[in-house]
Amino acid sequence: MMIKGKVAPMLALGLAMLLAACSGEQVNYKRGVYLLLDTSGTYTEELNKAQQIINFLLANLEAGDTFVVARIDSGSFSEKDIVAKVVLDSRPSAANRQKREFAAAIDQFVVSVQSSAYTDISGGLLQAVEYLNEADVGQKSIFIFSDMKEELPEGYVRDFSLALDGYQVKALNVTKLRSDNVNPQEYLARMTDWQTTIEQGGGRWAVVNDLDRPEALAF
Amino acid sequence: MTDFFARLSEDPWLGFLIVIGTVIALYMGRSSAHGAIETFFRLLSSALRLGARSTAMAEKRLKERNREVLIALGKEHAEREINREFFRINKFVERDLGGYPKLQRSIQEQVTTINEDYERSGEVPPPSPEWVAAVDAVAKLHLNEKGSSLTEKILEDIHQAAEEQHREVLVSYRQGMAERHSILKKMAPFWRKLSNSVDQIGTHLQELKKRAQQIDLQMERYEEICNRPDKAERMLKASALTQFTIALIVVAIAIAGAYFNFHLIAYPMSEMVDGSNRIGGARVSDIAAMVLIFIEITMGIFLLELLHVTKLFPIIGSMDDRMRVRGIWVVGGILLAMASMESGLAFMRDYLAVQDRALQASLTGVEVGAEVNWITLAVNMGMGFFLPLALTVVAIPLEYLLHTGRTVMGMLTELLLRLLALTMRILSVSLRHAGRLTIHLYDLVIMLPLWVETTLKSRQQVGKAANGGVLDDSEYFANEASK
């Protein structure tokens, strides 16, 4: 009876704590990753490297995570530029199958991709933000596999500020252009501009050129 | 404030005047200040002394309470042991000595059979030969008749008849002896059976004697607890500490086992329960795996309770025997089913791991072994089956932990209260002395005016002594006021 008397309040306390934990604000642990692939000019030659990154990300994604790969071309603010997308199933066996199908779709894309004349990075970013805002994810990451030089077709306007609160934006494998080599200031100014744009929107900005670092692709 | 100090550093005379003023003020308020200091420290000291006393009283009450609980637990434990021994004896008597009348009848039957066989095997004296009378008649014939042919013939016939009968009697005697030997030979198994039966009774009686000695020991222990509580308390305390430590270690091992078991089933569980949703940061599938393990442990606790091994839930222990046996079958069945489920989950874990490895290989292009390793699979499945069953026995150390935890916690609280009381007492004494020290330090600050006062007073004393000890008016009123 003595033990019963001690155990009952403890059980009640545990139950109360559990209820308190459940009644609190629910944290969304699902992750959303949107990878933008630059397909302009000679950058298409880098897509094999991008494929490795995609495979790495696929291997590290878990049940419930969202992964989208989209191309950056002349007008990227469009769903048509999405190459492959997936919301991983909660069952590991189904998630495995989805990952295989995703990897196959990327394989097909890398083989058949044609380079575009222009590079609409801002449009792609806006599309990524729209998509991830719509998706039920808690942690949002946008990876841009590009030289980060934006070239828009005539008449295209990309004069807007992005709402990137809670977003992590990483520019991957930012290759230096010939003009950058002539005047490195151009490269630095380009990077600073992007950083300002992202941080003004409330996002976190990072440039990762050494993809061998373990934390390079952390999300 | 900074300006004030700056001004002081600029004007040393101002500082000097402030010091002098402070000393004079302190001197003038000496008596009140002494009173205030003394009262303040005495108040603190008294409060601490009071606190120490009440803490010591609380410790004493707690000690008494702990003692009562410990003795009660010791008595309960001893009673339980005695009950268990009686239960064992009862079972033993029912099982082994319950068949005693049957055994006795069997022994009697065996004894009767042996007796009959013995009687049958008795030696029958051979009948006296029929030709003895003829021999007597021949013996009475006259010697002269002995040479006659008739006498010879008669003697010859008698000789032949005697020889023939001797052979017949010898054959009959040998047959009789053989029969008796065969009867005796048949008796041997009965003797062995009888000997075994007697040995069996002897063993049972020895067992009974051993159990009776155990009960005697337990009774002695119980009486010791009742009659010599101080000694019993010391013994029980030491025993409780030892049991608590052992139970704690075993429970820690069980927790490690449960953790290992959790990792065995958590991943495959996500195949059935949504692994993408989380509660408080933990995956729902992980929580489901944990709940499954908790249910297994709970079932184990119920099973041991139904088996009367533990006594955590008196209501289960007091169920009637038929219900209890049914409960044992039901809970045991559930446990087996759960163990089989875990074994299945362990199988699925290996299957999923192989799939994962194959995916990794296809994504990275690095060849890794993507086949099922049957040894690993068998070990995983075996662990999945046996770990839940092994975890069921955690109820025993858990019960010990709960029972002895009360005593150990009580002892620790007692120790803490004693330390608190001691600290408070030391602080109380220190504060009393600190009050005196502060008063002396106060006097040290106003040392100069005090010295002047003492000097003046001593001079006045000298003057008074010179005037014959008569005080003037002002001195008289000053003395009265100070009184």
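Nothing here was measured: the structure is a model prediction, and the numbers come from that model.

Quick look at the overall build of chain B
And then number 1: For chain B, the count of helices and strands is 14 helices and two strands.
And then number 2: The C-alpha extent of chain B, read off along each of the three principal axes, is 190 × 95 × 45 Å.
And then number 3: Counting every position in chain B, which comprises 483 residues, the buried fraction comes to 28%.
And then number 4: Partitioning the intrachain contacts of chain B with sequence separation of at least 6 by distance along the chain shows that 79% fall at a separation of at least 24.
And then number 5: Roughly 32,100 Å² of accessible area belongs to chain B as shown, and the carbon and sulfur atoms make up 65% of that amount.
And then number 6: Taking the average location of the 54 positive side-chain charges in chain B and that of its 56 negative ones, the two points are 8 Å from each other.

Observations concerning the pairing of strand E1 (residues 31-38) of chain A
All names here are of chain A.
And then number 1: Of all eight residues that make up E1, eight are buried, and the element is covered over most of its length.
And then number 2: Sheet topology note: the E1/strand E4 (residues 139-145) ladder contains seven bridges and is parallel. Within E4, the position partnered with Leu36 by the bridge is Ile144.
And then number 3: Judged from the seven bridges that link them, E1 and strand E2 (residues 66-72) form a sheet pairing that is parallel. Counted as the bridge partner of Leu36 is Ala70 from E2.
And then number 4: Note on the crossover from E1 through helix H2 (residues 47-60) to E2: the handedness is right-handed.

A look at the interface of chain A and chain B
The accessible area lost on association of the parts is a frequent measure of interface size.
And then number 1: Facing the 21 residues of chain A at the interface are 24 residues of chain B.
And then number 2: Between chain A and chain B, roughly 2,000 Å² of surface is buried when both sides are summed, and carbon and sulfur atoms account for 59% of that area.
And then number 3: Taken together, chain A and chain B are joined by one salt bridge.
And then number 4: Note that Glu62(A) and Arg283(B) form a salt bridge whose closest N and O atoms lie 2.6 Å from each other.
And then number 5: If you look at where chain A meets chain B, you find six residue pairs in polar contact (both at pLDDT 80 or more).
And then number 6: It is helix H3 (residues 92-112) of chain A that contributes the most residues to the side of chain A that touches chain B, six residues altogether.
And then number 7: Split into classes, the residues belonging to the side of chain A that touches chain B amount to nine nonpolar, six polar and six charged.

Side note on empty space enclosed by the protein
A water-sized probe, rolled over the atoms, reveals where empty space remains.
All names here are of chain B.
And then number 1: Within the structure shown, the criterion is met by one cavity of 30 Å³ or more.
And then number 2: When its volume is computed, the largest cavity comes out at roughly 40 Å³.
And then number 3: Around the largest cavity, the lining residues are Lys63, Asn66, Arg67, Leu70, Glu233, Lys237, Thr407, Met411 and Glu414.
And then number 4: Elements with a minimum of two residues in the lining of the largest cavity: helix H3 (30-97), helix H7 (229-269) and helix H12 (395-445).
And then number 5: It is H3 that contributes the most residues to the lining of the largest cavity, four residues altogether.
And then number 6: Split into classes, the residues belonging to the lining of the largest cavity amount to two nonpolar, two polar and five charged.
And then number 7: Formed jointly, the lining of the largest cavity draws a minimum of three residues from each of two domains, domain 1 (2-70 + 424-482) and domain 3 (230-416).

Notes on the environment of Gly275(B)
And then number 1: Structurally, the position occupied by Gly275(B) is in the loop between H7 and strand E1 (278-279).
And then number 2: In this structure Gly275(B) comes out as buried when scored by relative accessible area, which is 4%.
And then number 3: If sequence neighbours within four positions are ignored, Gly275(B) has contacts with Ser90(A), Ser270(B), Arg283(B) and Ser285(B).

So, the domain arrangement of chain B
And then number 1: In terms of domain boundaries, chain B breaks down into domain 1 (2-70 + 424-482), domain 2 (99-227) and domain 3 (230-416).
And then number 2: Domain 2 of chain B and domain 3 of chain B are separated by 69 Å when their C-alpha centres are compared.

Observations concerning unusual backbone geometry
All names here are of chain A.
And then number 1: Positioned with a positive phi, Met148 is a non-glycine residue whose angle comes to about 70°.
And then number 2: Mapped onto the elements, Met148 comes out in the loop between E4 and strand E5 (167-172).
And then number 3: Looking at Met148, the relative accessible area reads 0%, which means it is buried.
And then number 4: The backbone of Asn173 sits at a positive phi, close to 50°, despite the residue not being glycine.
And then number 5: Relative to the assigned elements, Asn173 resides in the loop between E5 and helix H5 (178-182).

Criteria and cut-off values
- Residues numbered from 1 in each chain as written.
- Chains lettered and ligands numbered in written order.
- Predicted model: local features only at pLDDT ≥ 70, side-chain atom pairs only at ≥ 80, totals over all residues.
- Heavy atoms only, no water.
- Helix = DSSP H or I, 4+ residues; strand = E, 2+ residues; numbered from the N terminus.
- Buried < 20%, exposed > 50% of the residue type's maximum accessible area, 1.4 Å probe, protein only.
- Contact = heavy atoms within 4.5 Å.
- Areas by Shrake-Rupley, 256 points an atom, 1.4 Å probe, with all protein chains shown as cover.
- Lys, Arg positive; Asp, Glu negative; His and termini not counted.
- Charge placed at Lys NZ, Arg CZ, Asp CG, Glu CD.
- Pairing = 2+ DSSP bridges.
- Right-handed = clockwise from strand over helix to strand, strands pointing away.
- Buried area = accessible area lost by both parts, 1.4 Å probe.
- Salt bridge = Lys/Arg side-chain N within 4 Å of Asp/Glu carboxyl O.
- Polar contact = N/O pair within 3.5 Å; in protein donor to acceptor, adjacent residues only side chain to side chain.
- Nonpolar A, V, L, I, M, F, W, Y, C, P; charged D, E, K, R; others polar.
- 1 Å grid on protein atoms, 1.4 Å probe; cavity = no way out; pocket = protein on both sides within 12 Å on 5 of 7 lines; lining within 4 Å.
- Points joined across faces, edges and corners; volume = space filled by probe spheres on them.
- Domains from an automatic or database assignment.

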